[in-house]
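Listed below, chain by chain, are the residues.
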Amino acid sequence: MRFLLVDPPHKIWTILRAWVPSPGCLQLLAYLEKEGFDIDYMDCTLNENPWRDLEEKIRREKPDVIGISCLCTTFIYDGMNAASLIKTIHPNSIIIMGGEHPSFMAEETLRDCPAIDTICVGEGEVTLTEFLRAVERKEQDFSKIPGLAYLDEKGEFVYTGDRPFIEDLDTLPMPAYHLAKMEHPYVNLPSESKRGLVVNFSRGCTWDCTFCSESAFYKKTWRRRSPKRVADELELLKEKYHRDTFYVGDNTFNVTRDQGVGFIEEMLKRKTNQHFWLQSRADLILRDEDLLDGFREAGVYQFMMGLEYHSDSVLKDVRKHLSVEQARKAMELLKKHRLMVMATLLIGHWEETEEDRKAFLRFFGKYVDHLGLNLITPLPGTPLFYKMKEEGKISDWDYRNYDYLHAVMPTREVDHLEQVNLIYKDIMRRYYWRPRELLKLLSLNPILRHHHRYYITRVAFNIMMHEIFGTPMWVQSNYQEYKDYLVEKGDALPAELMSMAR
Ligand code: B12
Ligand code: SF4
């Protein structure tokens, strides 16, 4: 039995224009490989003609089971369209989809896309292994495998129950980098360095912010790989794949203090001369103040913190369990210890006013080196989603727009989503065109200088030229909507074409 895992054609990290292999896919592949399955991987985001190449591969190789990974809500139609394409040309295949969005919206996804046979709800390694073993044995009944969702022969939705989380992440093999196209020219974090990559060393978070899909997916739990395993992976990435700069995707890198201590010790010992952008919380930065110099010496150049907003009432409303004062102190501390501050911030709150936005820019503009500005988005599966849905405040149900960059909810004062989008762009403009930001183009800090040169000269300038002179906006050259692919081929559009949610 041959299994193919597909990262379907989808948009990449548009904000930084970065292509990176999905750490979740590489982890799944490594696990299946260790279990002895005959596996293959196709990361369609690296193909110049992704739909055509996917179609040709399926026609040519006809794998028995195809797994489709769908990390983000914004990719869900791409994932469903990939399933429809595969089922049309290879009707005998079995298609299983996994990832956050389909886990949360399993019934909706299965009903919207009949091509998907099964959804893996939650963590994939063990569930997928048991599912593939059952397929190998030609079993038809999957009801005893926890973590699966499907429609039975009567069309009733079946969920086989929660799959317990893997207790010890150190039991997982090293991600299957050897199956990824690590040398593909697209794969990097262009804003930081030519040899950048996204890696993941822990899963989940023990807080419960209302908008956070990760905390919901991992049910407020956090597990981590030991610092030794983390350092082993980094060393491999250095020696074999020449990677030296990392965005560590862990939502909260140092939930426990010993994770930070261990990381510093390992990296100082191994002297790999690698650089890290970690994510943490303001209260943890304050807790571990005495470790900050150690983090810097171990190669950390930046902490990204979800500081969200400059008002305690909004922080309370989103259940951040943080105060503005803690945020301010954490930013000051990072600066004091010569670490860069990246803040992820959320605007577009229901009660927000123009005055709030001015104060927001004044507060964060003073400290932040890198601005991660987002529009608050009710991601399916989060408490915010259910609340906003119930209150009737979601006015755009097109999941393609659920990427934090498009408004899908109005505010009390601003009814039209287009207007909210303009407010977002205006804040970006006001932030980036301040003399203080432009001076960063000449900063003595090479990473800050590189990022700003990249971001301002390529991204912000491109947007400005587009807005003033109508010059074309950057588009991801290898992304195509599925329906455009079908039109190009002269095919009829199937009735179930997934381009819009209900
Ligand atoms: C790597 C990553 C990316 C990569 C994706 C690369 C790729 N080729 O897909 C890049 C950098 C491109 C990216 C981009 C974006 N991302 Co991102 N990203 C992540 C990150 C940091 C790590 C994901 C990961 O590897 N997790 C670890 C693995 C183990 O978990 P996993 O992927 O969920 O996989 C497990 C299960 O889901 C399941 N599974 C997954 N696939 C499959 C398939 C099968 C067949 C089966 C059986 C099981 C299965 O098994 C896996 C192993 O247990 C997460 C944050 C995080 N810490 O998770 C955000 C995250 C996924 N990203 C997110 C978002 C919003 C985005 C952006 C929209 C942000 C933006 N505005 O730019 C963009 C999207 C692109 C765009 N339109 O601009 C959100 C998604 C929330 C949501 N529900 O939609 C997350 C959760 C971050 C957050 N908390 O906000 N991202
Ligand atoms: S602290 Fe960050 S990762 Fe944790 S629940 Fe809140 S938003 Fe999610």
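Along each chain, the written sequence defines residue order, and numbers are assigned to residues from 1. Lettering of chains starts at A and numbering of ligands starts at 1, both following the order in which they are written. Thresholds applied to this predicted model are a pLDDT of at least 70 for local features of residues and 80 or more for the giving and counting of side-chain atom pairs; totals over whole chains, interfaces and linings are not thresholded and use all residues. No hydrogens and no water enter the side-chain calculation; it runs on all heavy atoms of the structure.

Brief notes about the side chain of Thr160
Item 1. By definition, any uninterrupted DSSP run of H or I lasting at least four residues is a helix, any uninterrupted run of E lasting at least two residues is a strand, and each is numbered from the N terminus. Here Thr160 is to be found in the loop between β7 (157-159) and β8 (196-199).
Item 2. A simple rule labels every residue: compare its accessible area, found with a 1.4 Å probe on the protein chains alone, to the largest value its type can have, and call it buried under 20%, exposed over 50%, or partly exposed in between. The exposure class assigned to Thr160 is buried, which follows from its relative accessible area of 17%.
Item 3. Counting of polar contacts relies on pairs of N or O atoms within 3.5 Å, with two restrictions inside protein: one atom must be capable of donating a hydrogen and the other of accepting it, and residues adjacent in sequence are counted only when both atoms are side-chain atoms. Polar contacts involving the side chain of Thr160 include one to the main-chain amide nitrogen of Leu148, which spans 2.8 Å.
Item 4. We call two residues in contact whenever any of their non-hydrogen atoms come within 4.5 Å of each other. Non-local contacts of Thr160, meaning those with residues more than four positions away in its chain, are made with Phe142, Ser143, Ile145, Pro146, Gly147, Leu148 and Tyr150.

Some details on helix α16 (residues 417-432)
Item 1. With 16 residues, α16 ought to run about 22 Å at 1.5 Å a step, and its terminal C-alpha atoms sit 23 Å apart, in line with that.
Item 2. When α16 is considered as a whole, its buried residues turn out to be Leu417, Val420, Asn421, Ile423, Tyr424, Ile427, Met428, Tyr431 and Tyr432. Projected onto a plane normal to the axis of α16, the buried residues spread over an arc of 155 degrees and lie on a single side.
Item 3. The elements touched by buried residues of α16 are β14 (340-347), α14 (354-365), β15 (370-375), α17 (435-439) and α18 (446-469). Expected helix span is computed as 1.5 Å times (number of residues minus one). Each direction from the helix axis to a C-beta atom contributes to the arc, which is the arc of those directions.

Description of the site of ligand 2
Item 1. Residues are labelled near a given molecule or strand when at least one of their non-hydrogen atoms is within 4 Å of it. Close contacts around ligand 2 come from Cys205, Trp207, Asp208, Cys209, Phe211, Cys212, Ser215, Asn251, Thr252, Arg281 and Lys320, and that covers them all.
Item 2. Here the term charged refers only to Asp, Glu, Lys and Arg, the term nonpolar to Ala, Val, Leu, Ile, Met, Phe, Trp, Tyr, Cys and Pro, and the term polar to all other amino acids, Gly among them. By residue class, the composition of the shell around ligand 2 is 5 nonpolar, 3 polar and 3 charged.

Focus on unusual backbone geometry
Item 1. Although it is not a glycine, Lys62 adopts a positive phi angle of roughly 40 degrees.
Item 2. Inspection of the secondary structure assignment puts Lys62 in the loop between α2 (50-61) and β3 (65-69).
Item 3. Among the residues examined, Lys62 registers a relative accessible area of 42% and is labelled partly exposed.

Side note on the environment of Pro21
Item 1. Among the structural elements, Pro21 can be located in the loop between β1 (2-7) and α1 (23-34).
Item 2. With a relative accessible area of 6%, Pro21 lands in the buried category.
Item 3. Apart from residues lying up to four places away in sequence, Pro21 is in contact with Leu26, Asp43, Ala180, Met182, Val187 and Leu197.

Notes on the site of ligand 1
Item 1. Ile12, Thr14, Ser69, Thr73 and Asp403 are the nearest of the 43 residues found near ligand 1.
Item 2. The separation between an oxygen atom of ligand 1 and a polar main-chain atom of Thr73 is 2.8 Å.
Item 3. In the model, a nitrogen atom of ligand 1 is placed 3.0 Å from a nitrogen or oxygen of the Gly249 main chain.
Item 4. Those elements that provide at least two residues to the shell around ligand 1 are β1, α1, β3, β4 (94-98), α6 (125-136) and α7 (213-217).
Item 5. Its residues assigned to classes, the shell around ligand 1 comprises 19 nonpolar, 16 polar and 8 charged.

Looking at the packing of aromatic side chains
Item 1. Paired rings are identified among Phe, Tyr and Trp, the last through its six-membered ring, by centres lying within 6.5 Å, and are further divided according to the angle between planes into stacked (under 30 degrees), edge-to-face (over 60) and tilted (the rest). Under the counting rule described, the total for this entry stands at 27 aromatic pairs.
Item 2. Where Tyr177 meets Tyr241, the ring centres are 6.0 Å apart and the plane angle is 55 degrees; that geometry is what we call tilted. On the criterion of sequence distance, the pair formed by Tyr177 in the loop between β7 and β8 and Tyr241 in the loop between α8 (227-239) and β11 (245-248) is long-range, its members being 64 residues apart.
Item 3. The class of Tyr177 is buried, set by a relative accessible area of 4%.
Item 4. Over the face of the ring belonging to Trp350 we find Lys393, whose NZ or CZ atom lies 4.6 Å from the ring centre.
Item 5. Here the guanidinium or amino end of Arg434 rests over the ring plane of Tyr431, the centre of that ring lying 4.5 Å away. Charge-over-ring contacts are defined here by two conditions on Lys NZ or Arg CZ: a distance within 6 Å of the ring centre and an angle within 35 degrees of the ring normal.

Things to note about the sheet that holds β15
Item 1. By the convention used here, strands pair only if DSSP detects at least 2 bridges between them. In spatial order, the strands read β8-β11-β12-β13-β14-β15; together these 6 strands make up an open sheet with parallel pairing. Two strands bound the open sheet, and with one partner strand each, they are β8 and β15. Shown here is a sheet whose adjacent strand axes are inclined to one another by a mean of 20 degrees, direction ignored.
Item 2. The pairing of strand β12 (residues 275-280) with strand β13 (residues 300-308) spans 5 bridges and is parallel. The residue bridging Trp277 from the neighbouring strand is Gln302, located in β13.
Item 3. Contacts from helix α13 (residues 324-336) reach β13 and β14 within the one sheet, and its direction differs from that of β13 by about 170 degrees. Angles here are taken between N-to-C directions and fall from 0 to 180 degrees, while the axes themselves are lines fitted to C-alpha atoms, restricted in helices to the stretch in contact.

Some thoughts on the packing of α16 against α18
Item 1. At their nearest, the axes of α16 and α18 sit 12 Å apart, and the two run at 130 degrees to each other. Relative to α18, α16 is oriented oblique. Every pair of crossing elements has a handedness; the one defined by α16 and α18 is left-handed. For the pair α16 and α18, the contacting residues are Lys425, Met428, Arg429 and Tyr432 in the first and His451, His452, Tyr455, Ile456 and Glu467 in the second. In this scheme, roughly parallel covers angles under 35 degrees and roughly antiparallel covers those over 145, while 65 to 115 is roughly perpendicular and the rest are oblique. With the far helix as reference, a near helix turned anticlockwise by less than a right angle produces a left-handed crossing, and one turned clockwise produces a right-handed crossing.

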